[in-house]
Amino acid sequence: MFGAALAGFMSWLSEAGGSATLRVMQTLVADHPLVAHKLTALRDAGTETPTFRRLADELVTLLAYEATRYIKVEPVSVTTPVAVAAGVKLARPNPLVVPVLRAGIGMLDGMARLLPNADVGFVGLARNEETLVASVYAERLPAGLTGRDVFVLDPMLATGGTLETVIAMLVSRGAAAVTAICLLAAPEGAARLEAAFPADDPVPVRVVTAGMDQRLNERGYIVPGLGDAGDRLFGDI
Ligand code: URA
């Protein structure tokens, strides 16, 4: 479903002791006509909040499909009307989904649609519009995350400061893997995360996004972007 991302974020196969080990790319950009269609409508300054919310919700579900590609499963058998079949079920502990307040809340339903049994934690960060530095103002996370797959929801990977802070919190609590789902990303933010969480880290950190835009402007907005995701989802309050 998804194609190549940026040069430098490539996946590669490494041959280790004769068995192939998949080393995953850190940033995966959606390459699918439905994703591109919905993202285009989302960007449109004329798209009103109700439609913006619906499009964001649908995009997250599409991105979640790819973001969960490496989620842990365990083998089970199932009895069909005809015979016994081998299958899998999601492994315990349940995955954790962490929307970053406030805009990440607009992505929660789209993610929960695919992972209805996931637990949900919250982190709130506010960005100082002068310095562009984000600081934590709220946090409700399990103290320990050992063995858990964690999915962070934040619509805009801009400078990367917010996601770097949140991912570091999750890794320090023992998360097995952290995958951020972003509607849009800027190369500056992706590069910052790649530097903070190199591909050979013991804890895999990944970003799945619907688009990699050109750059940030002087106010830290993604260009061409879609504006302020929080305002477009929830109003300019
Ligand atoms: N946050 C947003 O909502 N939009 C941007 O373009 C950058 C950060």
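Residues numbered from 1 in each chain as written. Predicted model: local features only at pLDDT ≥ 70, side-chain atom pairs only at ≥ 80, totals over all residues.

The next point concerns helix α5 (residues 187-196). For α5, the set of buried residues is Gly189, Ala190 and Leu193. All buried residues of α5 project into a common sector of 100° when viewed along the axis, lining one side. Structurally, α5 contributes buried residues whose contacts are with β3 (27-29), β11 (156-157), α4 (161-172), β13 (184-185) and β14 (205-209). (Buried ≥ 20, exposed ≤ 12 C-beta atoms within 10 Å, placed from the backbone. Helix = DSSP H or I, 4+ residues; strand = E, 2+ residues; numbered from the N terminus. Arc of directions from axis to C-beta. Contact = placed C-beta atoms within 7 Å.)

Looking at the element boundaries, Ala158 is found in the loop between β11 and α4. In this structure Ala158 comes out as buried when scored by C-beta crowding, with 28 C-beta atoms within 10 Å. Distance from Ala158 to Arg192, taken between C-alpha atoms, is 9.8 Å for residues 34 residues apart in sequence.

Let us look at the site of the ligand. Looking at the ligand, the residues that line it are Met156, Ala158, Gly220, Tyr221, Ile222, Gly225, Asp228, Ala229 and Gly230. For the shell around the ligand, the class distribution of residues is five nonpolar, three polar and one charged. (Near = placed C-beta within 6 Å. Nonpolar A, V, L, I, M, F, W, Y, C, P; charged D, E, K, R; others polar.)

What follows concerns unusual backbone geometry. That bond from Arg92 to Pro93 is cis: its omega, -5°, falls within 30 degrees of zero. Mapping Pro93 onto the fold places it in the loop between β5 (84-90) and β6 (96-101).

In this section: the packing of helix α1 (residues 33-43) against helix α2 (residues 49-67). To characterise two packed helices, one gives the angle between the axes of the helices and the distance between these axes. Two elements in contact, α1 and α2, have axes whose closest approach is 10 Å; the angle formed by their N-to-C orientations is 155°. Taken together, the axis directions place α1 and α2 in an arrangement best described as roughly antiparallel. Handedness of the crossing formed by α1 with α2: left-handed. Along its contact with α1, which presents Leu34, Val35, Lys38, Leu39, Ala41 and Leu42, the element α2 presents Phe52, Leu55, Ala56, Glu58, Leu59 and Leu62. Tallied by class, residues from the contact of α1 with α2 come to 10 nonpolar, no polar and two charged. (Axes fitted to C-alpha atoms, helices over the stretch in contact; angles between N-to-C directions. Parallel < 35°, antiparallel > 145°, perpendicular 65-115°, else oblique. Left-handed = near helix turned anticlockwise from the far one by under 90°.)

As a further point, take the pairing of strand β9 (residues 134-140). As paired elements, strand β8 (residues 122-127) and β9 share six bridges and run antiparallel to each other. The residue bridging Val123 from the neighbouring strand is Glu139, located in β9. Hairpin remark: β8 followed by β9, antiparallel, with six residues in the connecting loop; positive phi at Leu132, about 65°. (Pairing = 2+ DSSP bridges.)

The biggest cluster of nonpolar side chains holds 63 residues, and the ones touching the most others in it are Leu59, Leu63, Val152, Ile167, Val178 and Ile181. If one sorts the elements of this core by residue count, α2 sits on top with nine residues. Every residue in contact with Leu63, bar those within four places of it in the chain, is listed here: Ala30, Ile181, Val208 and Ala210. (Core = buried A, V, L, I, M, F, W, Y, C linked by C-beta atoms within 7 Å.)

Further remarks concern the confidence of the model for the protein chain. When the pLDDT values of the protein chain are averaged, the result is 89; 89% of them are 70 or greater. Here residues 1-25 scores under 50 on pLDDT; set against residues more than four positions off or in separate chains, the count is 37 contacts. (pLDDT = per-residue confidence, 0-100.)

This part covers α4. Given a rise of 1.5 Å per residue, 12 residues ought to cover 16 Å, and the 17 Å separating the end C-alpha atoms of α4 matches this to within 8%. Thr162, Leu163, Val166, Ile167, Met169, Leu170 and Val171 are the residues of α4 that are buried. In the segment just after α4, Gly174 is the residue with positive phi, at about 100°. (Expected span 1.5 Å × (residues − 1).)

Let us look at the environment of Met169. Looking at where Met169 falls in the secondary structure, it is placed in helix α4. A sequence separation of 28 residues divides Met169 from Leu141, and the C-alpha atoms of the two residues are 9.5 Å apart.

Time to look at the pairing of strand β10 (residues 149-153). For β10, the tally of buried residues reaches five of five residues, placing the bulk of the element in the interior. Every second residue of β10 is oriented toward a common face, with Asp149, Phe151 and Leu153 on one face and Val150 and Val152 on the other, all of them buried. Two elements, β6 and β10, share four bridges in a ladder whose sense is parallel. Bridge assignment links Val97 to a residue of β10, and that residue is Phe151.

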